[in-house]
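Here are the chains, one letter per residue:
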Amino acid sequence: MFGDYSDYRTWREAVWDKHSIREGFRLARAYDVDGLVGFAYGYTGEAGQWWTDNVRRVLEPGVAETWLGGHFELVSIGVTHAARHRGVGRGLMHVILEGLPHERLLLMTSSDPSDPARRLYASEGWHVLGPGIGAGTVIMGRRLERART
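This report concerns the structure included in the present document. (Residues numbered from 1 in each chain as written. Predicted model: local features only at pLDDT ≥ 70, side-chain atom pairs only at ≥ 80, totals over all residues. Heavy atoms only, no water.)

This part takes up the sheet that holds strand β6 (residues 137-143). Within the open sheet, the six strands sit side by side as β1-β2-β3-β4-β6-β5. Their pairing is mixed. Two strands bound the open sheet, and with one partner strand each, they are β1 (26-32) and β5 (127-131). For this sheet, the mean inter-axis angle between neighbouring strands, taken without regard to orientation, is 25°. Examined bridge by bridge, β5 and β6 share four bridges and lie antiparallel to one another. The partner of G130 across the bridge, within β6, is I139. Running over the sheet, helix α1 (residues 8-19) touches β1, β2 (35-45) and β3 (71-79) and is turned about 70° from β2. (Pairing = 2+ DSSP bridges. Helix = DSSP H or I, 4+ residues; strand = E, 2+ residues; numbered from the N terminus. Axes fitted to C-alpha atoms, helices over the stretch in contact; angles between N-to-C directions. Contact = heavy atoms within 4.5 Å.)

In structure tokens:
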């Protein structure tokens, strides 16, 4: 439940407390009549952050130079099992990305093209930039289109 962390408190101190104070932090939540059914969060990614620095090591140098630094990092979208296949994840992604000042968006997900999350991202215009951190993952990117004035 908490990744490589043994309990909620350890995870909160090691991950959440650091992420939630980063520049550009955003959190979206989805509820139904029974309570919370999903969430999404992200922030501005910069050099010196664990994820950005490790992605720089796995991407081709030109790709890393183009995409990393000042990007929006979509860290997580989570939806309860009971609420899946109802558009909750897509809705959360739309809310979290709405009005972002960032041009470049990045995330890491499964390398399996049939994975539901990977299919969601692809259907929303995200494309694979290269391998992810660890086996079975890829880095995906998307550029936000800006309205012309």
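Moving on, we get to the pairing of β1. Looking at chain direction, β1 and β2 are connected through seven bridges and run antiparallel. Within β2, the residue paired with Y31 across the bridge is L36.

The next subject is the pattern of salt bridges. Under the definition given, this model contains four salt bridges. Here E124 makes a salt bridge to R90, at a shortest N to O gap of 2.4 Å. Here E124 is found in the loop between α5 (116-123) and β5, whereas its partner R90 is found in helix α4 (residues 88-97), with 34 residues between them in sequence. Residue E124 is classed as buried on the basis of its relative accessible area of 17%. Owing to a relative accessible area of 32%, R90 belongs among the partly exposed residues under this scheme. For R143, the salt bridge identified is with E103, shortest N-O distance 2.8 Å. (Salt bridge = Lys/Arg side-chain N within 4 Å of Asp/Glu carboxyl O. Buried < 20%, exposed > 50% of the residue type's maximum accessible area, 1.4 Å probe, protein only.)

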